[in-house]
Amino acid sequence: MLWARRLGQDSWQFPQGGIKLHESPEEALYRELREEIGLRPEHVEIIACTRGWLRYRLPKRFIRANSKPVCIGQKQRWFVLRLLVEDEVVRLDLSDKPEFDQWRWVDYWQPLKEIVFFKRQVYKKALQELEAALFPDKSSQPQGKAERRANAPYRRHS
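K.L.:
Any chance you could explain the nonpolar core here in plain terms?
P.N.:
Counting residues in hydrophobic clusters, the biggest one holds 22 residues, and the most contacted among them are Met1, Trp3, Phe14, Trp78, Tyr108, Tyr123 and Leu130. Of all the secondary-structure elements, those providing two or more residues to this core are β4 (54-57), β5 (73-83) and α3 (120-134). Counting residues per element, this core draws most heavily on α3, at six residues.

K.L.:
Just to check I follow, could you spell out the pairing of β5 for this structure?
P.N.:
Regular strands place side chains that alternate from one sheet face to the opposite one. Most of β5 sits inside the fold, with eight of its eleven residues counted as buried. The sheet contact formed by strand β3 (residues 44-49) and β5 spans five bridges and is antiparallel. Of the residues in β5, the one forming a bridge with Glu45 is Arg82. Here β4 pairs with β5 via four bridges, running antiparallel. Its bridge partner lying in β5, Leu54 is registered against Gln76.

K.L.:
Would you mind going over the confidence of the model for the protein chain with me for this structure?
P.N.:
Detailed conclusions should not be drawn from predicted coordinates in areas where pLDDT is low. Summing up the model confidence of the protein chain, the mean pLDDT is 86 and the portion of residues at 70 or higher is 86%. Low confidence marks residues 154-158, where pLDDT is under 50. Its contacts with residues over four positions away, or in another chain, come to 43 contacts.

K.L.:
Whenever I open this one, the packing of aromatic side chains confuses me. Can you help?
P.N.:
Centre-to-centre distance and the angle between the planes together describe a pair of aromatic rings. Under the definition given, this model contains ten aromatic pairs. Between the aromatic rings of Phe14 and Trp78, the centroid separation amounts to 5.5 Å while the plane-to-plane angle is 85°, which identifies the pairing as edge-to-face. Taken as a pair, Phe14 in the loop between β2 (12-13) and α1 (25-37) and Trp78 in strand β5 lie far apart in primary sequence, 64 residues in all. The pair formed by Phe14 and Trp78 is uniform in burial state, with each residue classed as buried. Between Phe14 and Tyr123, the aromatic rings sit 5.2 Å apart at their centres with planes inclined by 5°, giving stacked as the arrangement.

K.L.:
Would you explain the sheet that holds strand β1 (residues 2-6) in this entry?
P.N.:
Where strands meet in a sheet, backbone hydrogen bonds hold them as pairs that are either parallel or antiparallel. Reading across the sheet, the three strands line up as β2-β1-β6 and stay open at both edges, with antiparallel pairing between neighbours. Of all strands in the sheet, those bounded by a partner on one side alone are β2 and β6 (100-105). For β1 and β6, the ladder comprises five bridges, and the chain directions are antiparallel. From the neighbouring strand, Ala4 faces β6, where its bridge partner is Trp103.

K.L.:
I would appreciate a short explanation of the pattern of salt bridges in the present structure.
P.N.:
If charged atoms from side chains of opposite charge come close, those side chains can pair. Under the defined criterion, the tally for this structure stands at ten salt bridges. Between Glu45 and Arg82 there is a salt bridge; the shortest N-O distance is 3.4 Å. Remark: Arg82 occurs in strand β5 and Glu45 occurs in strand β3; sequence separation between them is 37 residues. Residues participating in the shared-partner salt-bridge network are Glu23, Arg31, Glu32 and Glu35.

Parameters and conventions
Residues numbered from 1 in each chain as written. Predicted model: local features only at pLDDT ≥ 70, side-chain atom pairs only at ≥ 80, totals over all residues. Heavy atoms only, no water. Core = buried A, V, L, I, M, F, W, Y, C linked by side-chain atoms within 4.5 Å. Buried < 20%, exposed > 50% of the residue type's maximum accessible area, 1.4 Å probe, protein only. Helix = DSSP H or I, 4+ residues; strand = E, 2+ residues; numbered from the N terminus. Pairing = 2+ DSSP bridges. pLDDT = per-residue confidence, 0-100. Contact = heavy atoms within 4.5 Å. Phe/Tyr/Trp six-rings, centres within 6.5 Å; stacked < 30°, edge-to-face > 60°. Salt bridge = Lys/Arg side-chain N within 4 Å of Asp/Glu carboxyl O.

So, in C-alpha cells, the structure goes:
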C-alpha cells in the first residue's frame with residue numbers, strides 16, 4: 001500500500017483528492033494521482049472500488065469555521081490500483097503546492113494503526129470491503145515489496 005506523509009507533518013495517509021463539478025470519480029482519481037504523486041493513467045490499473053460512498057464527520061475541534069466552504073466531513077469513494085511502473089516514477093514534487101514530502105510501501109492493515117482517530121472507521125470500512133478483491137483467500141495477504149506495490153489503495157472524495 002502506498003502511504004504518504006503530509007508535507008511538513010508527522011501525519012500519514014493515502015493520497016486523496018476532491019471531485020470537481022462535472023468530473024466522475026475516475027476522472028478525479030486520475031487528475032489527483034498526477035497532481036499529488038506524479039502518476040498518469042497508463043501507470044496504474046484500477047483493481048477495485050468501493051460499492052458506494054463512505055462518510056466521516058470531523059470532530060468539532062477540527063472544523064475550521066472561518067474557511068469557505070466550511071468542511072464538516074467527507075464522503076469518499078475508494079479505489080485499489082495496481083502500480084504498473086517502477087517506484088521511481090512516483091513524484092511528490094510536480095505540483096505548485098505539494099501535499100506530501102515522503103511516501104513508502106506498507107502492509108495492508110498498517111494504515112489503521114497510523115491514521116488520525118476520526119478517520120479510522122472509514123479506513124476500516126474501506127479496507128474491509130476492498131480486501132476481498134485483493135485477497136480472496138484472507139490467509140494470503142501480501143508480504144513482499146512487489147506484492148505490496150500491486151495493492152495500493154487510493155481514495156477519492158467530494
